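An overview of the molecular structure
Okay, here's what each chain looks like letter by letter:
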2 protein chains.
Amino acid sequence: MKVSTKGRYALRIMLDLAMHNSGDLVPLKDIAKRQGITLKYMEQIISPLSKAGFVQSLRGSAGGYRLARNPSEYTVGSILRVLEGPLAPTACLETDVNECPRVDSCPTISFWNGLNKVINEYVDSVTLEDLVNEETAIQSDYVI
Amino acid sequence: MKVSTKGRYALRIMLDLAMHNSGDLVPLKDIAKRQGITLKYMEQIISPLSKAGFVQSLRGSAGGYRLARNPSEYTVGSILRVLEGPLAPTACLETDVNECPRVDSCPTISFWNGLNKVINEYVDSVTLEDLVNEETAIQSDYVI
DNA sequence: ATACAATCATATAAAATCACTAGGAAAGTA
DNA sequence: TACTTTCCTAGTGATTTTATATGATTGTAT
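Residues numbered from 1 in each chain as written. Chains lettered and ligands numbered in written order. Predicted model: local features only at pLDDT ≥ 70, side-chain atom pairs only at ≥ 80, totals over all residues. Heavy atoms only, no water.

1. Considerations on the pattern of salt bridges
Residues and elements named next belong to chain B. Taken as a whole and assessed by the stated rule, the structure comprises eight salt bridges over all chains. Two residues, Glu 43 and Lys 40, come together in a salt bridge whose shortest N-O distance is 3.5 Å. Placement of the pair is Glu 43 and Lys 40 together in helix 3 (residues 39-51), with a separation of three residues, close to one helical turn. (Salt bridge = Lys/Arg side-chain N within 4 Å of Asp/Glu carboxyl O. Helix = DSSP H or I, 4+ residues; strand = E, 2+ residues; numbered from the N terminus.)

2. Considerations on the interface of chain A and chain B
Contact with chain A, which involves 37 residues of that partner, is made by 37 residues of chain B. Interface area for chain A against chain B, summed over the two sides, is near 3,200 Å², with a carbon-plus-sulfur share of 66%. Summed over the three residues of chain A that lose the most area to chain B, namely Met1(A), Lys2(A) and Phe111(A), the buried surface amounts to 24% of that side. Taken together, chain A and chain B are joined by two salt bridges. (Contact = heavy atoms within 4.5 Å. Buried area = accessible area lost by both parts, 1.4 Å probe.)

3. Regarding the protein's contact with DNA strand C
Taken together, 25 residues are adjacent to DNA strand C, and Lys40(A), Gln44(A), Arg59(A), Arg59(B) and Tyr65(B) come closest. Expressed as a percentage, the sugar and phosphate content of the atoms of DNA strand C within 4 Å of the protein is 57%. The side chain of Thr38(A) places a nitrogen or oxygen atom 3.4 Å from a phosphate oxygen of DNA strand C. Within the backbone of Leu28(B), a nitrogen or oxygen atom sits 3.4 Å from a phosphate oxygen of DNA strand C. Secondary-structure elements contributing two or more residues to the surface near DNA strand C are helix 1 (5-19) and helix 3 (39-51) of chain A together with helix 2 (28-35), helix 3 and strand 2 (64-67) of chain B. (Near = heavy atom within 4 Å. Polar contact = N/O pair within 3.5 Å; in protein donor to acceptor, adjacent residues only side chain to side chain.)

If you want it as structure tokens, here you go:
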């Protein structure tokens, strides 16, 4: 029941971009340095995010990445799903085509459905903006 | 974010025992036949449940397993945890000793804490009895 | 006492997943 | 042209998953 590093790192990358959301492009190298993740591994993580249209990119010197939308328009769930696939707790909930031969008489399916629901409702109730606001609130504690 | 077969099978075994909860001992062979799981694999799954005191066992001819308590006294979460360990979505939430060096400044920890909470609250809100009642309700549909 | 039935323990292993590392190609900027 | 940065693909060691297999131990019934 663990979220893999890819999902967790994807969230950290997107949150880093959200906290440096000036409109300028942010080189991945800078994010890697801040987050303590190797550049090469981060490239693998941001690639699907780029293909999914979650970030905009530009190559070359002064290139980098930036968010494609407003931080409030990303739920954490949507980010995790790009790297993790469906967040369903069992494989039988993932597709419309139920491959499990026991599905019609399965006494546990309603339980798994319920778990699937609470997980997805929660991860989609939190946005990048929520996390940014929380973080800046924490930082201001030090100032005060 | 998947529950492993051990956790899922453990739930099916416990539910099978709950639906054959006459007080008599149920041979594992019978459960294996009903559930379509090999006896040898089931032995590995029920062993931790036995050690955790979730089921009572008796060896020998006419031996088998039965629930140690009333079905209403088992939450699904408690069963899953025996086989899966903590159901936390990240390792940093598992122990009291936080090993992650970033924990004090981690902007995502509150999100993971929240996810951890909704998952565990849900799995502990459903009992074996709930699943049994649901199943017998479904079966009675056929009768009616 | 003996045979039988079941739990209990341990070893092995294929397959999949995880968490990276590495090399280089392509594209854009100064 | 030199440099920087993204983009693409492949490989790799470690761990986990999902079992299978063999046999020992224990208890019940006849």
